[in-house]
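Reading the structure
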Amino acid sequence: MKSRLFSLSSFFRLPLIAWNAPPAIISDMSGPTLVALFTALAIGGTPATHVLKPSGTTSVAGGEGLTVSESEKRAAVARFMSG
């Protein structure tokens, strides 16, 4: 999928693709900013995904969800900010 996204034909179709994008993925970034973002992803790749470990559960509106401790969140933000 990544190779198709960064192909030459996709580059020329980007305006059409962006115009027809579902509202869930529409961005307020300008065209040059989006091109820079995709160029950076193509050159540098994507970083590893980090998943926070849940520390408990919670009940919300009749359903259950997982919670992450505040210390875990703070540590993740600190790692992100330090690069």
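So, the overall build of the protein
Assigned secondary structure in the protein consists of four helices and two strands. In sequence order, the protein lays out its α and β elements as α-α-α-β-β-α. Per-residue burial over the protein gives 4% buried out of 83 residues. The contacts of the protein with a sequence gap of at least 6 include a subset with a gap of at least 24, amounting to 28%. When the accessible area of the protein is evaluated, it comes to approximately 7,300 Å², of which 66% is carbon and sulfur surface.

A word on the environment of serine 69
Take serine 69: it is sitting in the loop between β2 (63–67) and α4 (70–82). Separated by 14 residues in the primary sequence, serine 69 and serine 55 have C-alpha atoms spaced 6.0 Å apart. Within the structure, serine 69 has its side chain in polar contact with the backbone nitrogen of glutamate 72 (distance 3.1 Å).

Considering a nonpolar patch on the surface
A contiguous nonpolar surface patch, about 390 Å² in accessible area, is contributed by Val77, Phe80 and Met81. Secondary-structure assignment places phenylalanine 80 in helix α4. We classify phenylalanine 80 as exposed; its relative accessible area is 68%.

What counts as what
- Residues numbered from 1 in each chain as written.
- Predicted model: local features only at pLDDT ≥ 70, side-chain atom pairs only at ≥ 80, totals over all residues.
- Heavy atoms only, no water.
- Helix = DSSP H or I, 4+ residues; strand = E, 2+ residues; numbered from the N terminus.
- Buried < 20%, exposed > 50% of the residue type's maximum accessible area, 1.4 Å probe, protein only.
- Contact = heavy atoms within 4.5 Å.
- Areas by Shrake-Rupley, 256 points an atom, 1.4 Å probe, with all protein chains shown as cover.
- Polar contact = N/O pair within 3.5 Å; in protein donor to acceptor, adjacent residues only side chain to side chain.
- Patch = residues over 30% accessible without salt bridge, like charges linked within 9 Å, V, L, I, M, F, W, Y side chains within 5 Å.
- Salt bridge = Lys/Arg side-chain N within 4 Å of Asp/Glu carboxyl O.

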